[in-house]
Amino acid sequence: MAKQTFKGRPLLPGDLEGEATVSKQPFNTTASYFDNMFAGVRDKAPCTDSDNPELFRKDIADCIMCTSQTIGSTFGGAAIMGVAEMGLGPRAMLFSRHIDSIISAGLFMEDIWNEKRIITIDLLGDEFLETVQTGDPIAIHADGTVEVG
Amino acid sequence: MKRREFVHTIGLVSASGVLLSCEGGTPSPGRAGTAASGAAQTGTSASGTGAAPDWVRSLRDSDMDGLGPDGKPDPNYNATRTGHARADVDPTQPYQMPLTQEEQDIMDGKKGDALAKVMKTVVAFGNAFGATKLVELGGAPHSSVFNAPPFMKSIIDVFSTCADEGLKSYAPFTVNPRPFDLYNVETLPDEMAMVFEGYPLQPELDYVLTRIGARGMNSRSCACYLSEIGNAPEPGTYVAWAESSAVNFGNSVLGVRTNRNAGGMELLCALIGKAPYFGLMTDEGRMATWLIDVRTTKEPDWGVLGAAIGIKVTEDVPFVAGVDKYFGGEVTKENMHKLKAMGSSTAANGAVGLYHVEGVTPDAKQKGRDLLVEGYQTYVVDDAELERIYSSYPNLWSRNDAKPSLCFIGCPHNTYHELLYWGELITEELKKRGQDKLKIPMHLFASIPVRNHLLDDHPVLFRDMKRAGMSFTNMCALMFTGLKGFGESHFPVTNSNKARKYSSARYFPDDILLEIVMTGEIPADA
């Protein structure tokens, strides 16, 4: 596919290349990591959110998560910190809309307290999420630019 | 909006065993041991075996489920959980809020490494939401960091580090209710074992909360603002609270100013005594974008009214008109439960962090309809609309034809007057009917000071309530309904619309609940 470029707000900037993991519906952080959070699974991060058909049962460890916002329990921030501590958290979170207060708390805390940066960019726009598909090559730049394709 | 079949929290024994182990009960003969029955989506329940316990399913749900009325993901969902969608933010303009020299010095580490990290986190959060400054906090914090499954280790470590450097909250703070009750609910050895296995970090969490300034265990309650608990700052006070129902009540009824903080962020703000000034803390952010025109012919069901509002406005700020006549011009200890019920329901069915009630709540009394923005939308709520909402509630019991097996009251935690109301109502009705006991148990959720208030003022009534089959616990009602196996074996009824949203409990008005607990049957016309 032809490369398309989107510009967002780099809240936790960084450079990274990889493949996109896409959730067109809002990503339920807590629901997605049950096996890691509660069942001691440490070698992979199978998405446990059965209400998310795009991601359910896919291994989302180390992913570049592309979604609109996060939803679910206010444990969401703690959840992302928990899986990050296991080395299974996402490498980046790219939001088409404004980041929500729940995940932002966890991402900032992980970055500042545990010195583990999960690159975070929001406000990439609805067209970003409409365009990107799981598996697409994606390049993230520290200025908030995201290239898809 | 999609509903779960039932709520799970900690994996425990079957609900029949749980109920029988409640105060006054006896163990069920032949009840099996502690092994969880029924597999979760991904497997069995033991930690470390590669599968999450059934109970964790409850954590997937909250008021912010991103689903539309048809129960499917809403493509237009857009909620930052701060009261405003912030759709107008320019991503190309980096933002840094101005800091005082003192705040900058803290960021630069001049007051220690841990405090620097606290400041950096709070500032980063504020920058993301366009905060214009940090403001001094007053009153006392309220925290929703209250339960400690294994994944909470990272958060606990953060606050342990803070405690090790001597950091403390600017004021002693209250915390959400206990996630379990080993004295009145989980009293059997195998139930207790499951609690200890499910919350292995609980002592560590409770210790670190104590070290950074939490109040005693008796004050644990989601209704921290009740006089018996006393966390009720004056109107206009800036605070940093978490827990949706407390934020909702605090902003709306107390008139304090707080955003809806994620668990952990409220504690970080507490440690520096400051919070980012944005959203619901600002005059602009507290303006209403909806007029809720209540035109019911009688006093509305407050929980259903709250649900209607929450579903309609999601996280916007509503201005509610037409209900001031039910308050006599002010919120009192005797009538505050109405707004507690309505507000918690707006927060659970939507994500409302602040509402105004014309002629009743502090902001509305001060500013009236000047709180409405230009171009506000109007939502008319009449008898038919409430009936439509109420009638839409599905029966989520695992067996639709089952008989109700228990009633629980108190989500959020009961006030003294609610306990008194139910106590007098039930005991008098039993006398009228010549009955000694309720046909099904009734569990009343309240903080220990509130329960003790009832005991002190009405010891005979308290005794009679217990003899009638009513019990008291200070745990979280939602954690209670999430007990493993609860949904398979129990068919709960409740007066809490928040609990209805998060569990399999069926919601009924008080008069119908009375009939249910007296007869053990749901009236045909309910």
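The structure presented is a predicted model; accordingly, all values stated were derived computationally and were not measured.

The rules behind the values
Residues numbered from 1 in each chain as written. Chains lettered and ligands numbered in written order. Predicted model: local features only at pLDDT ≥ 70, side-chain atom pairs only at ≥ 80, totals over all residues. Helix = DSSP H or I, 4+ residues; strand = E, 2+ residues; numbered from the N terminus. Buried ≥ 20, exposed ≤ 12 C-beta atoms within 10 Å, placed from the backbone. Rg over C-alpha atoms; globule rule 2.2 N^0.38 Å. Contact = placed C-beta atoms within 7 Å. Axes fitted to C-alpha atoms, helices over the stretch in contact; angles between N-to-C directions. Left-handed = near helix turned anticlockwise from the far one by under 90°. Nonpolar A, V, L, I, M, F, W, Y, C, P; charged D, E, K, R; others polar. Pairing = 2+ DSSP bridges. Right-handed = clockwise from strand over helix to strand, strands pointing away. Parallel < 35°, antiparallel > 145°, perpendicular 65-115°, else oblique. Expected span 1.5 Å × (residues − 1). Domains from an automatic or database assignment. Core = buried A, V, L, I, M, F, W, Y, C linked by C-beta atoms within 7 Å. pLDDT = per-residue confidence, 0-100.

**Some details on the overall build of chain B**
- In terms of helices and strands, chain B carries 19 helices and 13 strands.
- A buried classification covers 54% of the 526 residues belonging to chain B.

**Quick notes on the overall build of chain A**
- When its secondary structure is counted, chain A shows five helices and 10 strands.
- Taking 2.2 N^0.38 as the reference for a compact globule, 149 residues should give roughly 15 Å; the C-alpha atoms of chain A span a radius of gyration of 14 Å, in line with that estimate.
- In terms of overall dimensions, chain A has a C-alpha envelope of 40 × 30 × 25 Å along the principal axes.
- Buried residues in chain A amount to 66% of all 149 residues.
- Long-range pairs, those at least 24 residues apart, make up 78% of the contacts in chain A with a sequence separation of at least 6.

**Digging into the packing of helix α3 (residues 76–85) of chain A against helix α4 (residues 101–113) of chain A**
All names here are of chain A.
- Running from N to C, α3 and α4 cross one another at 35 degrees; their axes reach a closest spacing of 7 Å. Crossing hand, α3 versus α4: right-handed. Along the contact surface, α3 presents Gly-76, Gly-77, Ala-78, Ile-80, Met-81 and Ala-84, while α4 presents Ile-102, Ile-103, Ala-105, Gly-106, Leu-107, Met-109 and Glu-110.
- Looking at side-chain class alone, the contact of α3 with α4 contains nine nonpolar, three polar and one charged residues.

**Digging into the sheet that holds strand β10 (residues 442–445) of chain B**
Residues and elements named next belong to chain B.
- Across the sheet, which stays open at both edges, the five strands sit in the order β11-β10-β9-β12-β13 with parallel pairing between neighbours. The outermost strands of the open sheet, each flanked by one partner alone, are β11 (470–473) and β13 (506–507).
- Across two bridges, strand β12 (residues 492–494) lies against β13 in parallel orientation. By the bridge assignment for β13, Thr-494 is matched with Tyr-507.
- Running over the sheet, helix α19 (residues 510–519) touches β9 (406–409), β10 and β12 and is turned about 140 degrees from β9.

**Digging into unusual backbone geometry**
- Residue B:Pro412 is bonded to the preceding B:Cys411 through a cis peptide linkage, with omega at 0 degrees.
- Inspection of the secondary structure assignment puts B:Pro412 in the loop between β9 and α13 (416–433).
- The phi torsion at A:Glu115 lies on the positive side, around 55 degrees, for a residue other than glycine.
- As for its position among the elements, A:Glu115 is in the loop between α4 and β8 (119–122).
- Even without being glycine, B:Thr314 reaches a positive phi, approximately 55 degrees.
- Mapped onto the elements of the fold, B:Thr314 is located in the loop between α9 (302–313) and β6 (318–321).

**What about the environment of A:Ala92?**
Residue and element names in this part refer to chain A.
- Among the structural elements, Ala-92 can be located in strand β7 (residues 92–95).
- Sequence separation between Ala-92 and Glu-110 is 18 residues; the distance between their C-alpha atoms is 13 Å.
- The residues contacting Ala-92, other than those within four sequence positions of it, are Leu-16, Ile-64, Met-65, Ile-118, Ile-119 and Ile-140.

**Brief notes about the pairing of strand β9 (residues 137–140) of chain A**
Residue and element names in this part refer to chain A.
- On β9, burial follows the alternation: Ile-138 and Ile-140 on one face are buried, whereas Pro-137 and Ala-139 on the facing-out side are not.
- Relative to β9, strand β3 (residues 16–22) runs antiparallel, the two sharing four bridges. Bridged to Gly-18 within β9 is Ile-138.
- Bridge count for β9 against strand β10 (residues 145–148) is three bridges, and the pairing is antiparallel. Pairing of Ile-138 across the sheet is with Val-148, part of β10.
- Connecting β9 to the antiparallel partner β10 that follows it, the hairpin turn spans four residues, and Gly-144 within it adopts a positive phi of roughly 95 degrees.

**Comments concerning the environment of B:Leu115**
Residues and elements named next belong to chain B.
- Its location among the elements puts Leu-115 in helix α3 (residues 113–128).
- A residue is classified by how many C-beta atoms lie within 10 Å of it, and Leu-115, with 19 of them, is partly exposed.
- For the pair Leu-115 and Thr-161, spaced 46 residues apart in sequence, the C-alpha to C-alpha distance is 9.8 Å.
- In contact with Leu-115, other than residues within four places in its own chain, are Ile-106, Leu-167 and Ile-272.

**As for the pairing of β6(B)**
All names here are of chain B.
- As paired elements, strand β5 (residues 288–294) and β6 share four bridges and run parallel to each other. Residue pairing in the sheet places Trp-290 in a bridge with Pro-318 of β6.
- Between the parallel pair β5 and β6, the chain is carried across by α9, and the sense of this crossover is right-handed.
- One crossover worth recording links β6 to the parallel strand β7 (residues 356–357) by way of helix α10 (residues 336–349), and it is right-handed.

**A few points about the packing of α3(B) against helix α8 (residues 265–272) of chain B**
Residues and elements named next belong to chain B.
- α8 packs onto α3 with a crossing angle of 120 degrees between their chain directions and a minimal axis gap of 9 Å. Judged by the angle between their axes, α3 and α8 are oblique. Here the hand of the crossing between α3 and α8 comes out left-handed. Between α3, through Leu-115, Val-118, Met-119, Thr-121, Val-122 and Phe-125, and α8, the contact on the second element is made entirely by Met-265, Leu-268, Cys-269, Leu-271 and Ile-272.

**So, α3(B)**
All names here are of chain B.
- Counted at 1.5 Å a residue, the expected span for α3 with its 16 residues is 22 Å, and the 23 Å between its end C-alpha atoms agrees.
- Burial of α3 is extensive: 12 of the 16 residues sit out of reach of the surface.
- Those residues of α3 lying buried are Ala-114, Lys-117, Val-118, Met-119, Lys-120, Thr-121, Val-122, Val-123, Ala-124, Phe-125, Gly-126 and Ala-128.
- A positive backbone phi angle near 70 degrees is found at Gly-130, which sits one or two residues after α3.

**Re the domain arrangement of chain B**
All names here are of chain B.
- Taken domain by domain, chain B comprises domain 1 (101–281), domain 2 (287–391) and domain 3 (406–519).
- Relative placement of domain 1 and domain 3: their C-alpha centres are 29 Å apart.
- Between domain 1 and domain 3, the residue contacts involve 18 residues of the former and 18 residues of the latter.

**Quick look at the nonpolar core**
- Core analysis: the biggest nonpolar cluster contains 190 residues, and A:Leu94 and B:Cys407 have the highest contact counts within it.
- When neighbours within four sequence positions are excluded, B:Cys407 is seen to be in contact with B:Ile440, B:Met442, B:Val493, B:Thr494, B:Leu513, B:Ile516 and B:Val517.

**Remarks on α10(B)**
- Helix length check: α10(B), at 14 residues, gives a terminal C-alpha distance of 20 Å against a target of 20 Å (1.5 Å per residue), a fit within 8%.
- A large share of α10(B) lies buried, amounting to 13 of its 14 residues.

**Comments concerning the sheet that holds strand β1 (residues 4–7) of chain A**
Residue and element names in this part refer to chain A.
- With respect to topology, eight strands assemble into an open sheet ordered β1-β10-β9-β3-β5-β7-β8-β2, the strand pairing being mixed. The open sheet terminates on both sides in strands that have one partner only, identified here as β1 and β2 (9–12). Put simply, the sheet's adjacent strands are angled 25 degrees from each other on average, direction ignored.
- Pairing of β3 with strand β5 (residues 64–67), which is carried by three bridges, proceeds in the parallel orientation. Across the sheet, residue Thr-21 finds its bridge partner in β5, namely Met-65.

**A few points about the confidence of the model for chain B**
Residue and element names in this part refer to chain B.
- Overall, the prediction assigns chain B a mean pLDDT of 86, with 83% of residues at 70 or greater.
- Overall, residues 1–49 carries pLDDT values under 50, and its contacts beyond four positions in sequence, including any with other chains, amount to 145 contacts.
- Interface confidence for the predicted complex, expressed as ipTM, amounts to 0.94; the pTM equals 0.88.

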